[in-house]
4 protein chains.
Amino acid sequence: MKEFGEHGYSTGSLNTIAREAGIAKGSLFQYFNDKLEFFAFVCDEASRRIREEMERRMAAIDFDQQFDEWLFDVMCDWSEYMEAHPLERGVTAATNFELDNSVRSVVRDTANQHYLQVIHPTLQLWQEKGQIRADADLEVLATTILALLPFLALAPYYDGLDPIHGLRGRTPAQQRPVIRQLIAGYRPMFAPEK
Amino acid sequence: MKEFGEHGYSTGSLNTIAREAGIAKGSLFQYFNDKLEFFAFVCDEASRRIREEMERRMAAIDFDQQFDEWLFDVMCDWSEYMEAHPLERGVTAATNFELDNSVRSVVRDTANQHYLQVIHPTLQLWQEKGQIRADADLEVLATTILALLPFLALAPYYDGLDPIHGLRGRTPAQQRPVIRQLIAGYRPMFAPEK
Amino acid sequence: MKEFGEHGYSTGSLNTIAREAGIAKGSLFQYFNDKLEFFAFVCDEASRRIREEMERRMAAIDFDQQFDEWLFDVMCDWSEYMEAHPLERGVTAATNFELDNSVRSVVRDTANQHYLQVIHPTLQLWQEKGQIRADADLEVLATTILALLPFLALAPYYDGLDPIHGLRGRTPAQQRPVIRQLIAGYRPMFAPEK
Amino acid sequence: MKEFGEHGYSTGSLNTIAREAGIAKGSLFQYFNDKLEFFAFVCDEASRRIREEMERRMAAIDFDQQFDEWLFDVMCDWSEYMEAHPLERGVTAATNFELDNSVRSVVRDTANQHYLQVIHPTLQLWQEKGQIRADADLEVLATTILALLPFLALAPYYDGLDPIHGLRGRTPAQQRPVIRQLIAGYRPMFAPEK
DNA sequence: CATGAATGAGGCTTCATTCAT
DNA sequence: TATGAATGAAGCCTCATTCAT
């Protein structure tokens, strides 16, 4: 996760991985047929960990509040999780920044499934609770959140992702106003008529 | 543009570029000190071309309509431009998918400046025209559009970018319903009270 | 036989053999001390099979005819056998095309012994029957036949072995005219005076 | 020529070649796209040298004698040439012992062309001179000689090629009786009626 | 007797960059 | 200004063999 997270698929070095892991180069190929299979495994593993941890955290968040408040809490947790887990964050970057389609399609589909299996039911639940307007477009909302997640995860650590709010370099605590601003901006998309 | 657009910075090969351009490998280094300087130049050039062409096209779009109608026209133009210009699209992908921060910061800032110098004044103009609600958050709107542009540019051509609306593989004409849906979804963010 | 026959000794892979055989890599070394011993066993086995089958077939061929007619029948059988037994044919190629002397000497001597133990007595028999001229040089005849056998076995399946008669790609039936032509050409070497 | 001649295509090492040539590994690829292209070049070069030298020598051989005497002289020259040129001999072995069809077809066709462009016209010439029987089959004769050449070139230096006459280890001078015996054995194939 | 993970040397090839011409 | 051969490090991957289980 460290090597691939820092350098991505094509620039990540199996030699380096073997050296830092203290095993022989050839040993890597006992478990994976080639570099791509290895990378895919690492990405799957990271996606799974991220999802499991986030589900655990979300279960602890107060469900008896307005949707935008709840979303704010979730996104702050997300922000803190990513700050505390540089390995998972690195792999998230590696999958989001992969250019090669044949590599990308292998790793992105898995990640997207994990995300959507959380996002879709959650949005429906909130709509049923009446906290999301009945005529809101859940697909557009899901797309927005699906884009917001890597944005919040990476913008504080990678240059050029957020030239508007200036997330780059901010701690999770310092990110909170921006998160609040973004959710407030999106609020009309889902907010029920008063 | 072809080589870097297809393979990105680190995987793009100067050997290949020289070979396909029909010039000597050494000649590249007459004009650029190293690979990064070359890549930066290519990205700048692409960003400039994209911006100029889009400004030209936007000037031809009817300004006497509602903001969301106008935005729809612009985004359709953007979609058609990207379909017609695979080289520029490739470089767009290469800059958006670059993982290495020291490379990324060089190319993204330029691109973002180009984008924002168009987006910011435009949004202000539409707000002054009263077509964007006075209390709408122009920053969040700008961030949304800044994310929407690469999304629409790349999702039809790269796997795993849009698992919700299924833009992958669609022609510009087939993308139009999705563009309309997205803008309709975003509409409450800026739409003036009726 | 499959792996060594297709790729020869040095390029043949014990890993592949174990994988395709469905046994563990280590198990190979329970029965053979090293790769060469294994290869030698496979070649011996193939030589033995080839010899036994050809002796069986030769026993069924009419012995009451002229030597060249008989030889034609034998060679056609040989041609058909090789077509029907790609594994044995492959090993034949592997032993004939082995460059490394230390490997070659191990496998060729066995094969040659098998061939000569059939060829020598047979030629003597035919000479005693008076169908081979008394002053014919049986050694040269044996050498000729010893060269003819791999030639007929492999030329239809390997490039560049027969640039004159064009055996490459021919079915056994299509090889028959060439076989007849070759034996007719050799005929003066052994034919008794009329 | 040394490395490929000793170990053949697949076992020959580019690392070794570069090291013994005193150049960098990468430099090999300035002139050849891959190993096969390199090997093909080496084989072509060797074939050309062999042909040119043999044509030079054949021009010095007395043409006013019987065909079998002339052939004996040529084959003795061939035997001496191969003894004096271990590099060319090695490459000859490498092309004759190559198992991989895709490699083999590349190098054998060239070699065969060189051989046949000498053999065919020569045989015709001798037939016109009346030294080869009018009804002799020149194709079979050519095939015989085409097989005799690598046999004489390699049998003295490689195990298991000649289990009958025992050429292995013989000097050119010691090979002469065998060469004479072989040609005497083949003589009836072409000798004119007395 | 069977297993299969571990090894580490070696395989071919690509790369950005230099520099003498 | 243009060239392109030379470099040598680094890339991924395969290999036969060992050995503790």
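Residues numbered from 1 in each chain as written. Chains lettered and ligands numbered in written order. Predicted model: local features only at pLDDT ≥ 70, side-chain atom pairs only at ≥ 80, totals over all residues. Heavy atoms only, no water.

With respect to the interface of chain D and chain C
Facing the 44 residues of chain D at the interface are 44 residues of chain C. A buried area of about 3300 Å², summed over both sides, lies between chain D and chain C, and 61% of it is on carbon and sulfur atoms. Across the chain D-chain C interface, the total number found is zero salt bridges. Where chain D meets chain C, there are 16 residue pairs in polar contact (both at pLDDT 80 or more). Looking at the side of chain D that touches chain C, the elements with two or more residues in it are α1 (2-11), α5 (86-96), α6 (101-128), α7 (138-154) and α8 (172-190) of chain D. (Contact = heavy atoms within 4.5 Å. Buried area = accessible area lost by both parts, 1.4 Å probe. Salt bridge = Lys/Arg side-chain N within 4 Å of Asp/Glu carboxyl O. Polar contact = N/O pair within 3.5 Å; in protein donor to acceptor, adjacent residues only side chain to side chain. Helix = DSSP H or I, 4+ residues; strand = E, 2+ residues; numbered from the N terminus.)

Concerning the pattern of salt bridges
Scanning all chains against the criterion turns up 48 salt bridges over all chains. As a salt-bridge pair, Arg56 of chain D and Glu53 of chain D come within 2.4 Å of each other at their nearest N and O atoms. You can see Arg56 of chain D and its partner Glu53 of chain D sitting in helix α3 (residues 35-59), three residues apart, about one turn around the helix. One network of salt bridges, in which partners are shared, links Glu45, Arg48, Arg49, Glu52 and Glu88 of chain A.

Brief notes about α3 of chain D
Residue and element names in this part refer to chain D. Taking 1.5 Å per residue as the helical rise, α3 with its 25 residues ought to reach 36 Å, and the 36 Å between its terminal C-alpha atoms agrees with that figure. The complete set of buried residues in α3 reads Phe38, Phe39, Ala40, Val42, Cys43, Ala46, Ser47, Ile50, Arg51, Glu53, Met54 and Met58. On the buried face of α3, the contacting elements are α1, α2 (14-21), α4 (67-84), α5 and α6. (Expected span 1.5 Å × (residues − 1). Buried < 20%, exposed > 50% of the residue type's maximum accessible area, 1.4 Å probe, protein only.)

Comments concerning the protein's contact with DNA strand E
Close to DNA strand E lie 31 residues, the nearest being Gln30 and Tyr31 of chain A together with Ser27, Gln30 and Tyr31 of chain C. The sugar and phosphate moieties of DNA strand E supply 56% of its atoms located within 4 Å of the protein. Between Gln30 of chain A and DNA strand E, the recorded distance is 2.3 Å, taken from a side-chain N or O atom to a base nitrogen. For the surface near DNA strand E, the secondary-structure elements that each account for two or more residues are α2 (14-21) and α3 (25-31) of chain B, α3 (25-31) of chain C together with α2 of chain D. Ranked by the residues each element gives to the surface near DNA strand E, the list is headed by α3 of chain C, at five residues. Per-class residue counts for the surface near DNA strand E are ten nonpolar, 14 polar and seven charged. (Near = heavy atom within 4 Å. Nonpolar A, V, L, I, M, F, W, Y, C, P; charged D, E, K, R; others polar.)

What to know about the protein's contact with DNA strand F
Around DNA strand F sit 30 residues, and of these Ser27, Gln30 and Tyr31 of chain B together with Gln30 and Tyr31 of chain D come closest. The sugar and phosphate moieties of DNA strand F supply 58% of its atoms located within 4 Å of the protein. At a separation of 3.2 Å, a phosphate oxygen of DNA strand F approaches a polar backbone atom of Leu14 of chain A. A distance of 3.0 Å is found between a phosphate oxygen of DNA strand F and a backbone nitrogen or oxygen belonging to Gly12 of chain C.

Looking at the relation of the copies chain D and chain C
Between chain D and chain C, which share one sequence, the superposing operator has a rotation angle of 180° and an axial displacement of 0.0 Å; the RMSD is 0.1 Å. Accordingly, the operation relating the two chain copies is best matched by a two-fold axis. For chain D, the residue whose C-alpha comes nearest the rotation axis is Phe97 of chain D, separated from it by 2.0 Å. A share of 100% of interface residues in chain D that are also interface residues in chain C marks the association as one of identical surfaces. (Least-squares fit on C-alpha atoms with pLDDT ≥ 70 in both.)

Some thoughts on the packing of helix α5 (residues 67-84) of chain C against helix α6 (residues 86-96) of chain C
Residue and element names in this part refer to chain C. Packing of α5 against α6 leaves a shortest axis separation of 5 Å and a crossing angle of 100°. Our classification of the angle between α5 and α6 gives roughly perpendicular. Of the residues in α6, those in contact with Tyr81, Met82, Glu83 and Ala84 of α5 are Pro86, Glu88, Arg89 and Thr92. Of the residues contributing to the contact of α5 with α6, the split by class is four nonpolar, one polar and three charged. (Axes fitted to C-alpha atoms, helices over the stretch in contact; angles between N-to-C directions. Parallel < 35°, antiparallel > 145°, perpendicular 65-115°, else oblique.)

As for α8 of chain D
Over its 19 residues, α8 of chain D runs 25 Å from end to end, which matches the ideal 27 Å to within 8%, given 1.5 Å per residue. Of all bends in α8 of chain D, the biggest is about 25°, found at Ala184 of chain D, and the proline Pro188 of chain D comes one to four residues later. Regarding α8 of chain D, the residues found buried are Pro172, Gln175, Val178, Ile179, Leu182, Ile183, Gly185, Tyr186, Met189 and Phe190 of chain D. Elements that come into contact with the buried residues of α8 of chain D comprise α8 (138-154) and α9 (172-190) of chain C together with α4 and α7 of chain D. (Bend = angle between axes of the 7 residues up to and from the residue.)

Looking at the side chain of Arg104 of chain D
Tracing the chain through its elements places Arg104 of chain D in helix α6. Excluding anything up to four places from it in sequence, Arg104 of chain D contacts Phe97, Tyr158, Asp159 and Leu161 of chain C together with Thr95, Asn96 and Glu98 of chain D.

Things to note about the packing of aromatic side chains
By the definition in use, this model includes 52 aromatic pairs over all chains. Between the aromatic rings of Trp78 of chain A and Tyr115 of chain A, the centroid separation amounts to 6.2 Å while the plane-to-plane angle is 75°, which identifies the pairing as edge-to-face. Pair noted here: Trp78 of chain A is in helix α4 (residues 67-84) and Tyr115 of chain A is in helix α6 (residues 101-128), with a separation of 37 residues, a long-range link. Both residues of the pair, Trp78 of chain A and Tyr115 of chain A, belong to the buried class. For the ring pair Phe63 of chain D and Trp70 of chain D, a centre distance of 6.0 Å and an interplane angle of 80° mean the geometry is edge-to-face. When its relative accessible area of 30% is taken as the criterion, Phe63 of chain D is described as partly exposed. Exposure remark for Trp70 of chain D: the relative accessible area of 4% places this residue in the buried category. Through a chain of ring-to-ring contacts, the aromatic side chains of Phe4, Tyr9, Phe32, Phe38, Phe39 and Phe41 of chain A assemble into a single cluster. Over the face of the ring belonging to Tyr9 of chain B we find Lys35 of chain B, whose NZ or CZ atom lies 5.0 Å from the ring centre. The ring of Phe72 of chain B has Arg180 of chain B lying over it, and the distance from NZ or CZ to the ring centre is 3.9 Å. (Phe/Tyr/Trp six-rings, centres within 6.5 Å; stacked < 30°, edge-to-face > 60°. Lys NZ or Arg CZ within 6 Å of the ring centre and 35° of its normal.)

Some thoughts on the UniProt feature "domain: HTH tetR-type" (unreviewed entry) in chain A
When the UniProt feature table is mapped to this numbering, "domain: HTH tetR-type" (unreviewed entry) covers residues 1-50 of chain A. Segment residues 1-50 of chain A splits into 68% helix and 0% strand. End C-alpha atoms: 13 Å apart. (UniProt positions renumbered as here; feature names shortened; annotations may be inferred.)

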